[in-house]
Amino acid sequence: MVENREEFEAIRQMHTVLSLHYLEEMKQSEIAVRLNLSTSKVNRLIAQGKRMGMVKIMIESPYQPLVDLENGLVASTQLANAVVTPAVSGNPDTNLQQVGRAAANHLLETIRDGDVIAITGGKAVSSIVQNLNPDRAFNVKVVPLTGGVQGKYYTDVNHLATQLAERLGGTAMLLHAPLFAESREQRDMLMEMGSIREVLDLARNASVSIVGIGSIHTPGSSYFDLHPGPDTGGQLPIDGGVTGEFLAHLILRDGSVANYPLNSRIVALSPAELAKCPVIIGVASGEEKVEPICAALEGRLFNSLIIDEQTAAAVLQNIREGRHVA
């Protein structure tokens, strides 16, 4: 309780000024005229009121459940940030486009002139490129993280890198190599070729990386579009603990690279090499991506995640139930 009148009057005046400023959204100059005070005194009263704890600001989003999911993912993992988009049940294509749009905006908020942006192929990365609408040109360079597979718009990482660079107003350097070599020896030889080594060295020192997170549990997953062998009917070595795909490498439940022969033939950066990048944005959508995302989180393979609401809820449930601890 206020014990003297002078203190009461000072607090009352401070309360009036704060109410006019924060509740009625009046400018400090307008408050000064209203209360016959100097603008400098109004400024001092507002600052003093804030120091005394008289101002408490609460910001609520109309999409608060999504914000709660984002906060839950960050609190339960090593993620620096997460973005969760609304989901439409039974509409995976719509959900992927929502994720792509959010990831495109996140990318524009993240990049700076002079950055090198390294990318993988994949449907999620393609959706980012399709939804990218910058307000200005960026002086950036875009490079692939992997070799490519021709045939589909989202498996040709050189095509995506070129499109991304064009939309940003930057330039692209392309990796003229297949994703899978015919042998480990051929892979090693390709990785040492000057033109390929130059692009991969740029990728190793990228400022920002954008990576898809692949599933191998369904024949329709992108990995089966990349696989050079005969049709496997979706029966790759899942029984051996393989959970998903990251940078075209098959990964285990803990995010480590599986000891699988095909991994030794990949013309790409390894997940360990990518870990040196300061900003690694993982992008994924769909129920089939839950286990791969959890594995990648456990392996700390990226530090930002753009994901749809349904997938985010399932990932968070897996983590909280102890099936995965990132």
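Placed above this text is the structure.
Residues numbered from 1 in each chain as written. Predicted model: local features only at pLDDT ≥ 70, side-chain atom pairs only at ≥ 80, totals over all residues. Heavy atoms only, no water.

I'm lost on the overall build of the protein in this one. Help?
The helix and strand inventory of the protein stands at 13 helices and nine strands. Counting the 326 residues in the protein, one finds 46% classified as buried. (Helix = DSSP H or I, 4+ residues; strand = E, 2+ residues; numbered from the N terminus. Buried < 20%, exposed > 50% of the residue type's maximum accessible area, 1.4 Å probe, protein only.)

Just to check I follow, could you spell out the layout of surface pockets for this structure?
Here the idea is plain: a probe the size of a water molecule rolls over the atoms and shows the empty space left. One number sums up the size of the second largest pocket: a volume of about 190 Å³. Lining the second largest pocket are His-15, Leu-18, Ser-19, Tyr-22, Leu-23, Met-54, Val-55, Lys-56 and Ile-57. Here the residues of the lining of the second largest pocket sort into six nonpolar, two polar and one charged. (1 Å grid on protein atoms, 1.4 Å probe; cavity = no way out; pocket = protein on both sides within 12 Å on 5 of 7 lines; lining within 4 Å. Points joined across faces, edges and corners; volume = space filled by probe spheres on them. Nonpolar A, V, L, I, M, F, W, Y, C, P; charged D, E, K, R; others polar.)

I would appreciate a short explanation of unusual backbone geometry in the present structure.
The phi torsion of most residues other than glycine is negative, and most of the peptide bonds are trans. If you check the backbone angles, Leu-247 has positive phi at about 55 degrees while not being a glycine. Using a relative accessible area of 1% as the deciding quantity, one classes Leu-247 as buried. If you check the backbone angles, Arg-300 has positive phi at about 55 degrees while not being a glycine. Within the secondary structure layout, Arg-300 lies in the loop between helix H12 (290-298) and strand S9 (304-308). For Arg-300, a relative accessible area of 53% gives the class exposed.

Please explain the packing of aromatic side chains as it appears in this structure.
Aromatic ring pairs are defined here through the distance separating the ring centres and the angle between the ring planes. All chains considered together, the criterion is met by one aromatic pair. Ring centres of Phe-246 and Phe-302 lie 6.5 Å apart, and the angle between their planes is 35 degrees; this geometry places the pair in the tilted category. Of this pair, Phe-246 sits in strand S6 (residues 242-246) while Phe-302 is found in the loop between H12 and S9, placing the two residues 56 residues apart along the sequence. Just as Phe-246 is buried, Phe-302 falls in that class too. Sitting over the face of the ring of Phe-138, Arg-136 holds its NZ or CZ atom 4.1 Å from the ring centroid. (Phe/Tyr/Trp six-rings, centres within 6.5 Å; stacked < 30°, edge-to-face > 60°. Lys NZ or Arg CZ within 6 Å of the ring centre and 35° of its normal.)

I'm lost on the side chain of Thr-120 in this one. Help?
Relative to the helices and strands, Thr-120 resides in the loop between strand S2 (116-119) and helix H6 (123-130). Relative accessible area serves as the criterion here: at 5%, Thr-120 is assigned to the buried category. Within the local environment of Thr-120, its side chain forms a polar contact with the backbone nitrogen of Gly-212, the two atoms lying 3.1 Å apart. When near neighbours in sequence (up to four residues on either side) are disregarded, Thr-120 contacts Val-125, Leu-145, Val-157, Leu-160, Ile-210, Val-211, Gly-212 and Leu-247. (Polar contact = N/O pair within 3.5 Å; in protein donor to acceptor, adjacent residues only side chain to side chain. Contact = heavy atoms within 4.5 Å.)

I tried to follow the pairing of S6 on my own but got confused; where do I start?
Successive side chains on a regular strand alternate, one facing one side of the sheet and the next facing the other. The buried fraction of S6 amounts to five of the five residues, a majority that puts the element mostly inside the structure. With four bridges joining them, S6 and strand S7 (residues 249-252) adopt antiparallel strand pairing. Each bridged residue has a counterpart across the sheet, and for Glu-245 the counterpart in S7 is Leu-250. (Pairing = 2+ DSSP bridges.)

Help me understand the nonpolar core in this model?
Of all hydrophobic cores here, the largest spans 45 residues; its most connected members are Leu-73, Phe-246, Phe-302 and Val-315. For this core, the secondary structure elements donating two or more residues are helix H4 (64-76), strand S1 (81-85), S2, helix H8 (184-192), helix H9 (194-204), H12, S9 and helix H13 (309-320). Top contributing element to this core by residue count: H12, with six residues. If we skip the residues at most four places from it in the chain, Phe-246 touches Val-211, Gly-212, Ile-213, Ile-251, Pro-271, Leu-274, Leu-301 and Phe-302. Within the second largest apolar cluster, 29 residues are counted, among which are Ala-102, Leu-107, Val-140 and Ala-165. (Core = buried A, V, L, I, M, F, W, Y, C linked by side-chain atoms within 4.5 Å.)

In this structure, what is going on with the sheet that holds strand S8 (residues 279-283)? I would like to understand it.
The strands that make up a sheet are held in pairs by hydrogen bonds between backbone atoms, and each pair lies either parallel or antiparallel. Across the sheet, which stays open at both edges, the seven strands sit in the order S1-S9-S8-S5-S2-S3-S4 with parallel pairing between neighbours. Two strands close off the open sheet at either side, each with one partner strand: S1 and strand S4 (171-172). Where helix H5 (residues 92-110) meets the sheet, it contacts S1, strand S5 (208-212), S8 and S9, and its direction lies at approximately 155 degrees from that of S9. H13 contacts S1 and S9 of the sheet and is inclined by roughly 115 degrees relative to S9. (Axes fitted to C-alpha atoms, helices over the stretch in contact; angles between N-to-C directions.)

Can you help me understand a nonpolar patch on the surface in this one?
On the surface, Tyr-22, Leu-23, Ile-57 and Ile-59 cluster together to form a nonpolar patch covering roughly 500 Å² of accessible area. In this structure, Ile-57 sits in the loop between helix H3 (39-51) and H4. The exposed category is assigned to Ile-57, whose relative accessible area is 64%. (Patch = residues over 30% accessible without salt bridge, like charges linked within 9 Å, V, L, I, M, F, W, Y side chains within 5 Å. Areas by Shrake-Rupley, 256 points an atom, 1.4 Å probe, with all protein chains shown as cover. Salt bridge = Lys/Arg side-chain N within 4 Å of Asp/Glu carboxyl O.)

Mind showing me how you'd approach the packing of H8 against H9 here?
To describe two helices that pack against each other, one gives the angle between their axes and the distance between the axes. The interhelical angle for the contact between H8 and H9, taken along N-to-C directions, is 80 degrees, at an axis separation of 5 Å. One element, H8, and the other, H9, form an angle in the roughly perpendicular class. Each of Leu-190, Met-191 and Glu-192 in H8 lies in contact with H9, whose residues at this interface are Gly-194, Ile-196, Arg-197, Leu-200 and Arg-204. (Parallel < 35°, antiparallel > 145°, perpendicular 65-115°, else oblique.)

Help me out: how do you make sense of H6 in this one?
Since one α-helical turn is 3.6 residues long, residues separated by three or four positions face the same way. Across the eight residues that make up H6, a large majority, six, are buried. All of the buried residues along H6 are Ala-124, Val-125, Ser-126, Ser-127, Ile-128 and Val-129. Here the buried face of H6 lies against H5, S2, helix H7 (157-168), S5 and S8.

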